[in-house]
Each structure stands twice: as structure tokens, then as C-alpha cells.
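As a plain string of letters, each chain reads:
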Amino acid sequence: MTRIVVLAAGVLAALAVTAAPAVSAGHSAASAECTGWEADGAGAFDSVAALTAAASTARGGAGEGPKEPTLNETYEALPDSAKGKGGPNFKATVPTWIHVISPDGKTANVSQAVIDEQMSVLNLASAGFYGGAKTGFKFTLEGVTRSTNASWYNAGAGSFAEREMKSTLHEGGWETLNVYTNLAGGYLGYAYLPGLPESRQYIDGVVLNWQSMPGASSRYVGRYDLGHTLTHEVGHWIDLEHTFFGGCNAKGDFVDDTPAMLVPTNGCPVGKDTCEKKPGLDPIHNYMDYSYDSCYNQFTPGQAARGQDAWIYFRDS
Ligand SMILES: [Zn+2]
């Protein structure tokens, strides 16, 4: 497969990778980040439809700051010629590694039962069990590694510690999902979109705040404790953008069946409609919004199709 690295002469070199944040910071910080992300993205994407690429995204804790950090990365686009390759018969089995990072050997050393439950939630969401589309992706746990390393535990997105952790632990190729559980740099999690250069393959994967895993902690009870932070981050990993990406812009998140929305959702405000001139209410139940876990119940058929196309183009070996 030919990879076209878009170096965006004059267009945009750096695409942000967004993530969902969790921990620190204040609500205003979150809003500011989202606003900036949209402002940067919208115009650029208008002119470079496909440069979607990019992003790694994350969720964080509403009222506590952004869910995800913004990652500055250059990505390649999903070209038009790669679209429409998936379909109802699409099936992909994704070998998955969970890398558990603890600062002291005890804290955050999540049990196998928690990991199994997290995998179950991911697979049920992917299969449409909670609602929405059946995506055709199945995630099988290949292995679990456990590391005690305080700097990896506290690693920020893009930090030396993140690179060191990943270059040490990363398994497999583009088709393998690597999930690192730590504090996610103070966010709920973040992930890289497909399209990283070969030389940076080790960066690929999801960084997940262990406190968002089902049954792991009381930190996010009632908000982000059902395991759908991973569902969201894996959405990015298969090339899905936020439903609020591009704001009310027509291209939005590059998926036709997710109604346009201006800003991320906090909680589960039924009836929210931030693009009143566009059809449909805000898709607050979509895994690629920033709603509470209990509010989420779907990927759309359009998102499933995009993820399938991106899998075939970027990841399928
Ligand atoms: Zn995200």
C-alpha cells in the first residue's frame, strides 16, 4: 500500500491529536482547549478534506479539565480511493496488549478481572450491544505486561517518559492495539490516529487513565467509570474524529450520519442542540463525544464504515 505523507505545504503541518483528559485543570481550561482545537482544525480541514488524519484524542474529566491533551502530530489522510472498502461483512480481529504501569507496584496495578471486564466492555460496544452499529472489530487480549515505574506512571503526552515507556513495551505492528494504563498525563486518555510514520510506530496506541477502567477505582464513579474511555480512544485509533470536530462546519468529523455539534458534551444533556441550523440534535450518545459513560450507547454506521476503511488502508497487514 502506498502511503502518502502529507507534509502540508502551506496547509497545515501539525494536526492536533486530541485526547480526553481527566484529571487536573479547570473547566475553563477544557473549553479553551476545545475551542482552540476547533479553530485550528476547521479552516484547515475545509481545504484539505482528507487531512483528517490526525489526531489523537483523549477524554478527561468534565469539571476537572479537558478530557484529552492536544497532540501536535502530522498525519496522512485517508484518501477517497480508500473509502467504501468495508461493509456489512467486514471483520477484523485486533490483537490487544494491556501494559499496566504502577508507580510503586501496588497503586494502579489493576487486576486481571478489571482488565477482562474492560475488554468485555470494549467488545460489547464495538459489537453494538449497547446500541448503534456493529463495527466488525473484535479485540482479543494477547497479553498483559506489568511495570513499576513512577516516571512512566506520570508521563505526559509527548513526553520523553511516554516515548521511553512505549519503545520499551510496544508489541506487534500497526494491526496490534497497545493500551498503556497509567495517569494518562492527567487526562482520561489519549490515542494516536492511524498514519504515523513507520519510524514512530512504537508511539501508536492508547494511553488510558487506569481510574476509568470498570471497577478499578472510585475516582470517576457516576461519570467515567464504565470503561468507555477506552471505547472512545479506540475510536480514535481506528481513525474516528470527535463528533464535535469542525464544529457546525459541513465536513465536521468526516462522517455523514453524526449530526453537527459545536462543542463537546459534558454529562448527558438530552435535547442539546448547538448547531440549530443543521439537522439533528447533538449526538450526545455517541462514543466520540465527551459525554458521561452512562450517556454513551453508539457508534453510527458511518463511523463503522470509516473505521473499516481506515483499518484496511492503514492497519490491516
Ligand atoms: Zn477523544
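The shown structure was predicted, so the numbers you read here are calculated from the model rather than taken from an experiment.

Parameters at a glance
- Residues numbered from 1 in each chain as written.
- Predicted model: local features only at pLDDT ≥ 70, side-chain atom pairs only at ≥ 80, totals over all residues.
- Helix = DSSP H or I, 4+ residues; strand = E, 2+ residues; numbered from the N terminus.
- Contact = placed C-beta atoms within 7 Å.
- pLDDT = per-residue confidence, 0-100.
- Axes fitted to C-alpha atoms, helices over the stretch in contact; angles between N-to-C directions.
- Parallel < 35°, antiparallel > 145°, perpendicular 65-115°, else oblique.
- Left-handed = near helix turned anticlockwise from the far one by under 90°.
- Nonpolar A, V, L, I, M, F, W, Y, C, P; charged D, E, K, R; others polar.
- Pairing = 2+ DSSP bridges.
- Right-handed = clockwise from strand over helix to strand, strands pointing away.
- Buried ≥ 20, exposed ≤ 12 C-beta atoms within 10 Å, placed from the backbone.
- Core = buried A, V, L, I, M, F, W, Y, C linked by C-beta atoms within 7 Å.
- Expected span 1.5 Å × (residues − 1).

*Asks:* So what's going on with the overall build of the chain? Residues and values would help.
*Replies:* Of the regular secondary structure elements, the chain holds 6 helices and 7 strands. When its helices and strands are written in sequence order, the chain yields β-α-β-β-α-β-α-α-β-β-β-α-α. When contacts within the chain are restricted to residue pairs at least 6 apart in sequence, long-range pairs at least 24 apart make up 76% of them.

*Asks:* How would you sum up the confidence of the model for the chain? Please name residues and give values.
*Replies:* For the chain, per-residue confidence averages 82 on the pLDDT scale, and 78% of positions sit at 70 or higher. Note that pLDDT drops below 50 for residues 1–58; the model gives that stretch 189 contacts with residues more than four away or on any other chain.

*Asks:* Just give me the short version of the packing of helix H2 (residues 112–126) against helix H5 (residues 228–237), but keep the residues and values in it.
*Replies:* Any two packed helices are characterised by the angle at which their axes cross and by the distance between the axes. Look at H2 against H5: their axes get within 9 Å of each other, and the N-to-C directions meet at 55°. Comparing their axes, H5 and H2 come out oblique. Seen along the crossing, H2 lies across H5 with a hand that is right-handed. Residues Gln-118, Val-121, Leu-122 and Ala-125 of H2 form the contact with H5, whose participating residues are His-228, Leu-230, Thr-231 and Val-234. Across the contact of H2 with H5, the residue classes tally to 5 nonpolar, 3 polar and no charged.

*Asks:* Tell me about the pairing of strand E3 (residues 92–102), residues and numbers included.
*Replies:* The side chains of a regular strand alternate between the sheet's two faces. Pairing between E3 and strand E4 (residues 137–148): 11 bridges, direction parallel. Pairing of Val-100 across the sheet is with Arg-146, part of E4. Following the chain from E3 across H2 to the adjacent parallel E4, one finds a crossover that is right-handed.

*Asks:* Explain the environment of Arg-315 to me, using residue names and the numbers behind them.
*Replies:* Checked against the element boundaries, Arg-315 lands in helix H6 (residues 301–315). Taking the C-alpha atoms as reference, Arg-315 lies 8.4 Å from Thr-176; in sequence the two are 139 residues apart. When near neighbours in sequence (up to four residues on either side) are disregarded, Arg-315 contacts Trp-174, Glu-175 and Pro-194.

*Asks:* Which residues make up the pairing of strand E5 (residues 177–182), and what are the values?
*Replies:* Of all 6 residues making up E5, 6 are buried, and the element is well covered by its neighbours. By the bridge criterion, 5 bridges tie E3 to E5 in an arrangement that is parallel. Looking across to E5, one finds that Val-100 is bridged to Thr-181. Taken together, the 4 bridges between E5 and strand E7 (residues 206–209) define a ladder with parallel strand orientation. Residue pairing across strands places Val-179 opposite Val-206, the latter belonging to E7.

*Asks:* Help me get a handle on the nonpolar core, residues and values and all.
*Replies:* Residues Val-110, Val-206 and Leu-208 are the most contacted members of the largest nonpolar core, which totals 60 residues. Looking at this core, the element that brings in the most residues is H6, giving 6 residues.

*Asks:* Report on the environment of Thr-107, specifying residues and quantitative values.
*Replies:* Summarising the element assignment, Thr-107 is placed in the loop between E3 and H2. Taking C-alpha positions, Thr-107 is 10.0 Å from Trp-210, a pair spaced 103 residues apart along the chain.

*Asks:* Which residues make up unusual backbone geometry, and what are the values?
*Replies:* Despite not being glycine, Ala-108 has its phi angle at roughly 70°, a positive value. Structurally, Ala-108 is set in the loop between E3 and H2. The exposure class assigned to Ala-108 is buried, which follows from the 21 C-beta atoms found within 10 Å. Even without being a glycine, Asp-239 presents a positive backbone phi close to 90°. Relative to the helices and strands, Asp-239 is located in the loop between H5 and H6. Since 26 C-beta atoms lie within 10 Å of it, Asp-239 is described here as buried.

*Asks:* A description of H6 should follow, citing residues and the corresponding values.
*Replies:* Counted at 1.5 Å a residue, the expected span for H6 with its 15 residues is 21 Å, and the 20 Å between its end C-alpha atoms agrees. By the criterion of burial, H6 is predominantly enclosed, with 12 of the 15 residues buried. All of the buried residues in H6 are Gln-303, Ala-304, Ala-305, Arg-306, Gly-307, Gln-308, Asp-309, Ala-310, Trp-311, Tyr-313, Phe-314 and Arg-315. Where the residues of H6 are buried, they touch E3 and E4.

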